[in-house]
Amino acid sequence: MLLSIDWDAFSGTRELVFDAPIWGTRDLDHDRSGAWMDRARRRGGQHWDVLEADFPLYPGWEALRAYAGVPAFVTLSHADAWAWLERYPGLDVLNLDSHHDLGSRSGDPARLRPGNWAGLGLARGLIRTVTTLYPDWHAALPVAEGFDLDRTRGELVDLLPDALLDRVTLTRQARPGADLPDAARVTSLLLVQSPAWTNPAHDPAFLALAAELGAQVLVPPYPRMGRAEKSVRS
């Protein structure tokens, strides 16, 4: 099986944070850095640290260290997942993510994007089955996809034909770090930064994890720490 890890499963948001990107956002350069500068300024901050109260790094990511030795890759966006899937075609995928990435109602459904890579992978035979594993903190966030799994599955009816929907499972972690497969079952792991959705203050932990896993770079992660903090202070 393949294990896909979106960093937004850990770099998340609290409830009732109305400028949180989990509500829906694009994936342009401004969304990856400038929008986070705006959020920091609104909170009166001089550093990314001011974001922590509303955009915490949830526990559980530490469990991923158990996959050291599994062939691992790191990339900027799930739109880059195609290169990874083509290395290991036709396997089951477990995607730990705050979004199902099976499709959306906006944009060209045939164009590969972060929000539809998993659905296109199913449709084009690169993925056998997809299990979306939502992080445990979604249980306390009513607007999140992983809060009400029946509701979310109902929304997929309009996005996927029955033949593909039958190959999809939606589930949620029981607790931080839970419900992950044994390393021996994982053929390869993909670690995705998703900077439009993740707090820049958590980039060091993300990059350190990628280094611990010995991850090969598909597309370099977005550099936000040094130059971005200067912009926040300006």
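Residues numbered from 1 in each chain as written. Predicted model: local features only at pLDDT ≥ 70, side-chain atom pairs only at ≥ 80, totals over all residues. Heavy atoms only, no water.

1. With respect to the overall build of the protein chain
- Looking only at helices and strands, one finds seven helices and seven strands in the protein chain.
- In the protein chain, the succession of helices and strands from N to C terminus is β-α-β-α-β-α-β-α-α-β-β-α-β-α.
- Taking 2.2 N^0.38 as the reference for a compact globule, 234 residues should give roughly 17 Å; the C-alpha atoms of the protein chain span a radius of gyration of 17 Å, in line with that estimate.
- In terms of overall dimensions, the protein chain has a C-alpha envelope of 50 × 40 × 35 Å along the principal axes.
- Relative to its full complement of 234 residues, the protein chain shows a buried share of 53%.
- Of the contacts formed within the protein chain by residues at least 6 apart in sequence, a portion of 78% connects residues at least 24 apart.
- Accessible surface, the protein chain as shown: approximately 10,000 Å² in total, 53% of it carbon and sulfur.
- Between the mean site of the 24 positive side-chain charges and the mean site of the 31 negative ones, the protein chain shows a separation of 4 Å. (Helix = DSSP H or I, 4+ residues; strand = E, 2+ residues; numbered from the N terminus. Rg over C-alpha atoms; globule rule 2.2 N^0.38 Å. Buried < 20%, exposed > 50% of the residue type's maximum accessible area, 1.4 Å probe, protein only. Contact = heavy atoms within 4.5 Å. Areas by Shrake-Rupley, 256 points an atom, 1.4 Å probe, with all protein chains shown as cover. Lys, Arg positive; Asp, Glu negative; His and termini not counted. Charge placed at Lys NZ, Arg CZ, Asp CG, Glu CD.)

2. So, the pairing of strand 4 (residues 127-134)
- Direction of pairing for strand 3 (residues 91-96) relative to strand 4: parallel, over a ladder of five bridges. From the neighbouring strand, Leu-91 faces strand 4, where its bridge partner is Ile-127.
- With five bridges joining them, strand 4 and strand 5 (residues 168-172) adopt parallel strand pairing. By the bridge assignment, Val-130 is partnered in strand 5 with Val-168. (Pairing = 2+ DSSP bridges.)

3. What about the environment of Val-143?
- Among the secondary structure elements, Val-143 is positioned in the loop between strand 4 and helix 4 (149-156).
- Taking the C-alpha atoms as reference points, Val-143 and Trp-23, 120 residues apart in sequence, are found 7.7 Å from one another.
- In this structure, Val-143 is in contact with Trp-23 and Arg-151, ignoring residues within four places of it in sequence.

4. With respect to the pattern of salt bridges
- Following the criterion strictly, the structure yields 10 salt bridges and no others.
- A salt bridge links Arg-32 to Asp-29, with the nearest nitrogen and oxygen atoms 3.8 Å apart. Note that Arg-32 and Asp-29 are positioned in helix 1 (residues 29-42) at a spacing of three residues, about one turn of the helix.
- Bridged by salt links that share partners, the residues Asp-19, Arg-42, Arg-43 and Asp-54 form one connected network. (Salt bridge = Lys/Arg side-chain N within 4 Å of Asp/Glu carboxyl O.)

5. Topic: the pairing of strand 2 (residues 72-75)
- Burial of strand 2 is two-sided: the residues Ala-72 and Val-74 facing one way and the residues Phe-73 and Thr-75 facing the other way are all buried.
- The pairing of strand 2 with strand 6 (residues 188-192) spans four bridges and is parallel. When the bridges of strand 6 are listed, Ala-72 appears paired with Leu-189.
- Here strand 2 runs beside strand 7 (residues 216-217); their pairing, made up of two bridges, is parallel. Residue pairing for strand 7: Phe-73 is matched across the bridge by Gln-216.

6. Comments concerning helix 1
- An ideal rise of 1.5 Å per residue puts 20 Å on 14 residues; helix 1 measures up with 19 Å between its terminal C-alpha atoms.
- When the local axis directions of helix 1 are compared, the greatest deviation, roughly 30°, occurs at Ala-35.
- Residues of helix 1 that are buried: Asp-31, Arg-32, Ser-33, Gly-34, Ala-35, Trp-36, Met-37, Arg-39 and Ala-40.
- Looking one or two residues beyond helix 1, the residue adopting positive phi is Gly-44, at roughly 70°. (Expected span 1.5 Å × (residues − 1). Bend = angle between axes of the 7 residues up to and from the residue.)

7. Topic: the side chain of Ser-11
- If you trace the backbone, Ser-11 turns up in the loop between strand 1 (2-6) and helix 1.
- A distance of 2.9 Å separates a polar atom in the side chain of Ser-11 from the backbone nitrogen of Asn-199.
- In this view, Ser-11 contacts Pro-56, Leu-57, Trp-197, Thr-198, Asn-199 and His-202; residues no more than four positions away in its chain are not counted. (Polar contact = N/O pair within 3.5 Å; in protein donor to acceptor, adjacent residues only side chain to side chain.)

8. Remarks on the environment of Ile-5
- Take Ile-5: it is sitting in strand 1.
- Here Ile-5 falls in the buried class, since its relative accessible area comes to 0%.
- Excluding its chain neighbours within four sequence positions, the residues that come into contact with Ile-5 are Phe-10, Leu-64, Leu-96, Leu-189, Leu-190, Leu-191 and Val-192.

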